[in-house]
Amino acid sequence: AQSVTQLDSQVPVFEEAPVELRCNYSSSVSVYLFWYVQYPNQGLQLLLKYLSGSTLVKGINGFEAEFNKSQTSFHLRKPSVHISDTAEYFCAVSEPGSARQLTFGSGTQLTVLP
Amino acid sequence: DAGVIQSPRHEVTEMGQEVTLRCKPISGHNSLFWYRQTMMRGLELLIYFNNNVPIDDSGMPEDRFSAKMPNASFSTLKIQPSEPRDSAVYFCASSLNTGNTGELFFGEGSRLTVL
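Quick caveat, the model's predicted, so the values are computed rather than measured. In every chain, residue numbers begin from 1 and rise along the written sequence. Key to labels: chains lettered from A, ligands numbered from 1, both in the order written. Predicted model: local features are reported for residues with pLDDT of at least 70 only, side-chain atom pairs are reported and counted for 80 or more only, and whole-chain, interface and lining totals are derived from all residues. Calculation of side-chain values draws on the structure's entire complement of heavy atoms; hydrogens and water are dropped beforehand.

Participant: What should I look at first to understand the overall build of chain A in this one?
Facilitator: Note on conventions: DSSP H or I runs of at least 4 residues are helices, E runs of at least 2 residues are strands, and numbering of each starts at the N terminus. Looking only at helices and strands, one finds 0 helices and 12 strands in chain A. Of the regular secondary structure in chain A, the N- to C-terminal order runs β-β-β-β-β-β-β-β-β-β-β-β. We compute the radius of gyration from the C-alpha atoms alone; for a globule the expected value is 2.2 Å times N to the 0.38, where N is the number of residues. Over its C-alpha atoms chain A spans a radius of gyration of 14 Å, differing by no more than 12% from the 13 Å that the globule rule assigns to 114 residues. Principal-axis analysis of the C-alpha atoms places the extent of chain A at approximately 45 × 30 × 20 Å.

Participant: Would you explain unusual backbone geometry in this entry?
Facilitator: Most peptide bonds adopt trans geometry, and most residues besides glycine take a negative phi value. Between S7(B) and the following residue, P8(B), the backbone shows a cis peptide bond with an omega angle of -10°. On the secondary structure map, P8(B) appears in the loop between β1 (5-7) and β2 (10-13). Phi angles above zero are rare outside glycine, and E16(A) is one such case at about 75°. Inspection of the secondary structure assignment puts E16(A) in the loop between β2 (10-14) and β3 (19-21). A positive phi angle is found at T72(A), which is not glycine, with a value near 45°. When you line up the elements, T72(A) lands in the loop between β8 (64-68) and β9 (73-78).

Participant: How should I be thinking about the pairing of strand β4 (residues 23-26) of chain A in this particular structure?
Facilitator: Consecutive residues of a regular strand have side chains that alternate between opposite faces of the sheet. All names here are of chain A. Side chains C23 and Y25 of β4 all project onto a buried face; the interleaved residues N24 and S26 project onto a face where none is buried. Pairing between two strands is assigned when DSSP locates at least 2 bridges connecting them. Relative to β4, strand β1 (residues 3-6) runs antiparallel, the two sharing 4 bridges. Within β4, the residue paired with S3 across the bridge is S26. Buried, partly exposed and exposed residues are distinguished by accessible area as a fraction of the type maximum, computed with a 1.4 Å probe on protein chains only: under 20%, between the cut-offs, and over 50%, respectively.

Participant: I keep staring at the nonpolar core and nothing clicks. Help me out?
Facilitator: Considering soluble globular proteins, one finds that nonpolar side chains tend to be buried as a cluster. To form a nonpolar core, buried Ala, Val, Leu, Ile, Met, Phe, Trp, Tyr and Cys residues must be joined to one another through side-chain atoms within 4.5 Å. If you look at the biggest cluster of nonpolar residues, it comprises 29 residues, and the most contacted ones within it are L33(A), W35(A), L47(A), L48(A), F74(A), L76(A) and Y89(A). With 4 residues, strand β10 (residues 87-94) of chain A is the largest single contributor of residues to this core. Counting 21 residues, the second-largest nonpolar core is a separate cluster that includes L32(B), M60(B), M69(B) and Y90(B).

Participant: I tried to follow the packing of aromatic side chains on my own but got confused; where do I start?
Facilitator: To describe a pair of aromatic rings, one takes the distance between the centres and the angle between the planes. Note on aromatic contacts: the rings of Phe and Tyr and the six-membered ring of Trp form a pair at centre separations within 6.5 Å, being stacked when their planes are under 30 degrees apart, edge-to-face when over 60 apart, and tilted otherwise. Per the stated rule, a full pass over the model turns up 13 aromatic pairs over all chains. Where F34(A) meets Y36(A), the ring centres are 6.3 Å apart and the plane angle is 35°; that geometry is what we call tilted. In this structure, F34(A) and Y36(A) share a single accessibility class: buried. Judged by centre distance (6.4 Å) and plane angle (90°), the ring pair of F90(A) and F104(A) falls under edge-to-face. You can see F90(A) sitting in strand β10 and its partner F104(A) sitting in strand β11 (residues 103-104), a full 14 residues away along the chain. Relative accessible area serves as the criterion here: at 2%, F90(A) is assigned to the buried category. An aromatic cluster of three or more residues is present, and its members are F34(A), Y36(A), F90(A), F104(A), F33(B), Y35(B), Y48(B), F91(B) and F106(B).

Participant: When you look at the interface of chain B and chain A in this model, what are you seeing that I'm missing?
Facilitator: Many structure descriptions define interface size as the accessible area lost when the parts assemble. Facing 22 residues of chain B, the contacting portion of chain A comprises 22 residues. Buried area adds together the accessible area that both of two parts lose upon being put together, with accessible area traced by a 1.4 Å probe. A combined buried area of about 1,800 Å² lies between chain B and chain A, and 47% of that area is made up of carbon and sulfur atoms. The rule for a salt bridge is simple: a side-chain nitrogen of Lys or Arg has to be within 4 Å of a carboxyl oxygen of Asp or Glu. There are 1 salt bridge connecting chain B and chain A. Between K49(A) and E103(B) there is a salt bridge; the shortest N-O distance is 3.1 Å. Among the secondary structure elements, those contributing two or more residues to the side of chain B that touches chain A are β4 (31-38), β5 (42-50) and β9 (88-95) of chain B. Here the side of chain B that touches chain A gets 4 residues from one element, more than from any other, and that element is β4(B). Charged means Asp, Glu, Lys or Arg here, nonpolar means Ala, Val, Leu, Ile, Met, Phe, Trp, Tyr, Cys or Pro, and polar covers whatever is left, Gly included. Here the side of chain B that touches chain A is composed, by residue class, of 8 nonpolar, 9 polar and 5 charged. Contacts between residues were defined by any pair of non-hydrogen atoms, one from each residue, lying within 4.5 Å.

Have a look at this one:
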């Protein structure tokens, strides 16, 4: 069985500062990894995904994430955040060839302060 | 293009009443998922369908919950009778089950309050 741990439930950061949201996963097989973002009163939308190939993945809104197989991590980063990045961020994992269920982490609330 | 459409966006009802939540997936998508989101439990998968057939309903909390997908463009989640602990945001999501990439497209959710 796969699982996802998001180490920080809340991350406050000042505008234009860099941010890293941490995600670790566990799985006995290879995985696909995702970051989703949820803005207030909206559904989740895909930020970026790792399926294979380059371990550095670039997504929308200037976010990127790096897959580290040895550390089973998929941390999300942005070099300079904006007020509009305030949202909840979910890391998720699925197993190729499985029944296609995504396992979501518990979420990290990113709050960008002026 | 229209995304996943859910209705109602907000529902307030009294304990014991029947609640029906509706979902129209993205045209052409062949997998549909119902999730529930609460502060205490986060995002939980309730049930998912593939080609209109329920594949895994192990997340459905109890017999008061039921879900149907009579055709490729419509699904319902029903709670009967509803209880205050069912208060949550219910999300529907759809995907194209090709290549097993796992990308889901979510609706905006139905916020249910049971008094």
